[in-house]
Amino acid sequence: MKVILHTGAHRCATTSFQEYVRQNAHTLGQQGVGFWGPYRTRNGLFHGIQPGPAPVSGRNLVQRARGRLQIRMAGCQANGVQQLLVSEENMIGAVRQNLRLGDLYGGVGERMARYAQAFGDVVTDVALSIRSLDSYWTSALAFAVARGHRMPTATSLDRLVRSPRSWRDVITDIAAAMPDVRLQVLPFETFGTRPEAALTAITGIKAPRSHARVRLNASLCLQDLRANLPSAAAAQLPQGAGRWRPFDNAQAAYLREAYADDMMWLAGGADGLAVLAQDPEKQAAGLNPSRIELTRGRPDDKQRRMAGSG
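Residues numbered from 1 in each chain as written. Predicted model: local features only at pLDDT ≥ 70, side-chain atom pairs only at ≥ 80, totals over all residues. Heavy atoms only, no water.

Novice: Looking at this structure, I do not really get the nonpolar core. What am I missing?
Specialist: One recurring pattern in soluble globular proteins is that nonpolar side chains are buried together. In terms of nonpolar packing, the biggest core is built from 68 residues, with Leu5, Met112, Phe119 and Trp167 touching the most fellow members. Per-element accounting of this core gives the leading share, eight residues, to helix H7 (residues 133–145). The residues contacting Trp167, other than those within four sequence positions of it, are Ala9, Leu104, Tyr105, Ser129, Ile130, Arg131, Leu133, Tyr136, Tyr259 and Asp262. Tyr20, Phe35, Ala198 and Ala201 belong to the second-largest nonpolar core, a separate cluster that totals 20 residues. (Core = buried A, V, L, I, M, F, W, Y, C linked by side-chain atoms within 4.5 Å. Buried < 20%, exposed > 50% of the residue type's maximum accessible area, 1.4 Å probe, protein only. Helix = DSSP H or I, 4+ residues; strand = E, 2+ residues; numbered from the N terminus. Contact = heavy atoms within 4.5 Å.)

The structure is reproduced here in structure tokens:
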């Protein structure tokens, strides 16, 4: 049984993807695909894998977590599951920590190493969704502010822009933590609104199209943010409607350039660390037609008789 870890990232339509897979669980089960989403992973399944507050009981929580996973995976395999898709964006960290530290998943290597130890050597693939950094940080800020996070200051915005970490560093850390696993990267710009295409790219199956246009946890626009925030915080937002753009033009351009560098690195092979997922519905360009198929025009290499001077 293949075990595929879908790690998000946050604000990359991950919740919508999980809902799509959950709605089609029965159909996917007939194709041998099992699914563990947040309803399962956040109900005690991953308890003990990451360090944190825990009652003093003398039990080895890491060992218990690994045993719990092994029992559940054995049950899936006994039920005929050929590919187990585990989708949980919190495996790589938390958005609030990224905003607090001004960093992009700084501890992802250590976290994924602990998950690799807990799952054992059964993990064959890891799928990571990425997004242009200007829209990622904008979406993260809108999501956090709507839930009580303080409004970003000019200093905090500049710290996000000048952060040395990009998606390339996140990918490199995951690859170092799980060197024997195939790491596939899915750009949000290609797969964000098409969960069926993302599922096909991850699993290789012909994904169902039902429930494929559900949109969850979308960023609030300016008018909705003002309606949900206290008056003091709402007054700090710009006037008008539409998407909130906390970065100025120069900052947004700097973030887009960093993302373009990451994408160029991925398209060039990513030093053998990761694979850039291709759109399964995009047809590759065919060969140029042979000359015998042309019915009009005159070949340029055929000698022509020139008119005489007299």
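Read on, since the account is not over.
Novice: Mind showing me how you'd approach the pairing of strand S4 (residues 123–130) here?
Specialist: Residues in a regular strand point their side chains to alternate faces of the sheet. Within S4, seven of the eight residues are buried, which leaves the element mostly enclosed by the surrounding structure. As defined by bridge partners, strand S1 (residues 2–6) adjoins S4 across four bridges and the pair is classed as parallel. Bridge pairing in S4 places Leu5 opposite Val126. When S4 meets strand S5 (residues 182–187), the two strands line up parallel, connected through six bridges. When the sheet's bridge partners are listed, Leu128 is paired in S5 with Val185. (Pairing = 2+ DSSP bridges.)

Novice: Sorry if this is basic, but what is going on with helix H3 (residues 38–45) here?
Specialist: Because an α-helix completes one turn every 3.6 residues, residues spaced three or four positions apart along the sequence face the same direction. For H3, the set of buried residues is Pro38, Thr41 and Leu45. Along the axis of H3, the buried positions cluster into a sector of 130°, meaning they face one direction only. With respect to the buried face of H3, the exposed residues turned more than 90 degrees away are Tyr39 and Asn43. (Arc of directions from axis to C-beta.)

Novice: Before we go on, may I ask you to explain the pattern of salt bridges in this structure?
Specialist: Two side chains that carry opposite charge are able to pair once their charged atoms sit near each other. Within the structure shown, the criterion is met by 15 salt bridges. A salt bridge links Arg42 to Glu89; the nearest nitrogen and oxygen atoms lie 3.4 Å apart. With Arg42 in helix H3 and Glu89 in the loop between strand S3 (83–87) and helix H5 (95–101), this pair connects stretches of sequence that are 47 residues apart. Of the residues examined, Arg42 reaches a relative accessible area of 47% and is grouped as partly exposed. Between Arg194 and Asp279 there is a salt bridge, with its nearest N and O atoms 2.9 Å apart. With Arg194 in the loop between helix H10 (188–191) and helix H11 (195–203) and Asp279 in the segment after strand S6 (275–276), the pair connects residues that are 85 residues apart, well separated along the chain. (Salt bridge = Lys/Arg side-chain N within 4 Å of Asp/Glu carboxyl O.)

Novice: Would you take a moment to explain the packing of aromatic side chains for this structure?
Specialist: As enumerated under the stated definition, the model contains six aromatic pairs in all. Summarising the aromatic geometry, the rings of Tyr105 and Tyr136 are spaced 6.4 Å apart at their centres and angled 50° between planes, so their arrangement reads as tilted. Here Tyr136 lies in helix H7 and Tyr105 lies in the loop between H5 and helix H6 (108–119), a separation of 31 residues in the sequence. Judged on exposure class, the residue Tyr105 and its partner Tyr136 are both buried. When the centroid spacing of 5.2 Å and the interplanar angle of 70° are considered together, the rings of Tyr136 and Trp137 count as edge-to-face. Following the ring pairs from residue to residue traces out a cluster consisting of Tyr105, Tyr136, Trp137 and Trp167. The positively charged end of Arg131 is found above the aromatic ring belonging to Phe188, 4.1 Å away from the centroid. (Phe/Tyr/Trp six-rings, centres within 6.5 Å; stacked < 30°, edge-to-face > 60°. Lys NZ or Arg CZ within 6 Å of the ring centre and 35° of its normal.)

Novice: What should I look at first to understand the sheet that holds S4 in this one?
Specialist: Across a sheet, paired strands are connected by hydrogen bonds in the backbone, their directions being either parallel or antiparallel. Strand order in this open sheet of six strands is S2-S3-S1-S4-S5-S6, and the pairing throughout is parallel. The two strands at the open ends of the sheet, each matched to only one other strand, are strand S2 (33–36) and S6. Where S2 and S3 come together, four bridges link them in parallel fashion. The residue bridging Val33 from the neighbouring strand is Gln83, located in S3. Most of the contacts of helix H1 (residues 14–23) go to S3, to which it runs at about 145°, and overall it touches S1, S2 and S3. Seen against the sheet, H3 touches S2 and S3 and runs at an angle of roughly 50° to S2. (Axes fitted to C-alpha atoms, helices over the stretch in contact; angles between N-to-C directions.)

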